[in-house]
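Descriptive structure summary
In case you want the letters, here they are:
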Amino acid sequence: MTPETLLQALADFGIEARTIHHPPVFTVAESQALRGELPGAHSKNLFLRAAKGEGFFLAVLEEHRQVSVNALARAAGWPKVRMGSAEELRATLGVEPGSVTPLALVNAAPGSLGVVLDAALAHAPGLAWFHPLVNTASTGLRPPDLLRFLAARGHVARVLDLDAMALA
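What to know about the pairing of strand β5 (residues 113-118)
Across the 6 residues that make up β5, a large majority, 6, are buried. Side chains Leu-113, Val-115 and Leu-117 project from β5 onto one buried face, and the interleaved Gly-114, Val-116 and Asp-118 project onto a second face that is buried too. Across 5 bridges, the pairing between strand β3 (residues 56-62) and β5 is parallel. Residue pairing across strands places Phe-56 opposite Leu-113, the latter belonging to β5.

Spelled out as structure tokens, the structure:
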């Protein structure tokens, strides 16, 4: 799916989304320069794979969250994990490194990844911002709309209250 067809799919699903185009950003630090244009909650996204065996996972976290990926995996009920490779990311979610986003689940088979969403994002007032498959734009949508859209595509995100867990 292209960014344009993704945005159209959101609109067709009845989701109001605001998209801002900007220079490429690869890190949370780089994206913070855009905050004046993007009021609301912001994420960082971790594409993970099982350390042994098979399985892919996506953790959608509030941008300042610092966690041990394996403590996060335990809290989510996942096996021990490691970061997925660029090749695995492309094959699984169809995006490039620096563009990881829960919206990329549109490119994955239903239920093929474990997905967790930080409760700080899930319950954020207003918009939460994610890349629309590329890191040259950011799309803001209401968190309940994101969860509804993903569920309709066969991806149920588990909301985790990471503030209640010691995951550092």
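After that view, the rundown keeps rolling.
Focus: unusual backbone geometry
With phi around 80°, Leu-133 is a residue other than glycine that occupies positive phi space. Note on placement: Leu-133 falls in the loop between β6 (128-130) and β7 (137-141). Judged by its relative accessible area of 7%, Leu-133 falls in the buried class.

A word on the nonpolar core
Side chains that are nonpolar tend, in soluble globular proteins, to be buried together. By size, the foremost hydrophobic cluster in this structure holds 32 residues, and its most contacted members are Leu-6, Phe-47, Leu-93, Leu-105, Leu-113, Phe-130 and Phe-149. With 14 residues, the next largest nonpolar core counts Leu-46, Ala-59, Trp-78 and Val-81 among its residues.

A closer look at the side chain of His-131
Structurally, His-131 can be placed in the loop between β6 and β7. Looking at His-131, its side chain comes within polar contact range of the main-chain oxygen of Val-134, at 3.4 Å. Contacts of His-131, omitting those with residues within four sequence positions, involve His-22, Val-25, Gly-98, Ser-99, Val-100, Thr-101, Leu-103, Ala-137 and Ser-138.

Brief notes about the confidence of the model for the protein chain
Of all residues in the protein chain, 92% have pLDDT values of 70 or greater, and the mean over the chain is 91. When mean pLDDT is compared element by element in the protein chain, helix α4 (residues 86-93) scores highest at 97, while helix α2 (residues 28-31) scores lowest at 68.

Considerations on the packing of aromatic side chains
Counted under the stated rule, the structure contains 3 aromatic pairs. Ring geometry for Phe-13 against Phe-149: centres 5.7 Å apart, planes inclined by 75°, an arrangement best described as edge-to-face. Highlighted residues: Phe-13 in the loop between α1 (3-12) and β1 (18-21) and Phe-149 in helix α6 (residues 143-152), separated in sequence by 136 residues. The exposure class assigned to Phe-13 is partly exposed, which follows from its relative accessible area of 31%. Residue Phe-149 is classed as buried on the basis of its relative accessible area of 2%.

Cut-off values and rules
- Residues numbered from 1 in each chain as written.
- Predicted model: local features only at pLDDT ≥ 70, side-chain atom pairs only at ≥ 80, totals over all residues.
- Heavy atoms only, no water.
- Buried < 20%, exposed > 50% of the residue type's maximum accessible area, 1.4 Å probe, protein only.
- Helix = DSSP H or I, 4+ residues; strand = E, 2+ residues; numbered from the N terminus.
- Pairing = 2+ DSSP bridges.
- Core = buried A, V, L, I, M, F, W, Y, C linked by side-chain atoms within 4.5 Å.
- Polar contact = N/O pair within 3.5 Å; in protein donor to acceptor, adjacent residues only side chain to side chain.
- Contact = heavy atoms within 4.5 Å.
- pLDDT = per-residue confidence, 0-100.
- Phe/Tyr/Trp six-rings, centres within 6.5 Å; stacked < 30°, edge-to-face > 60°.

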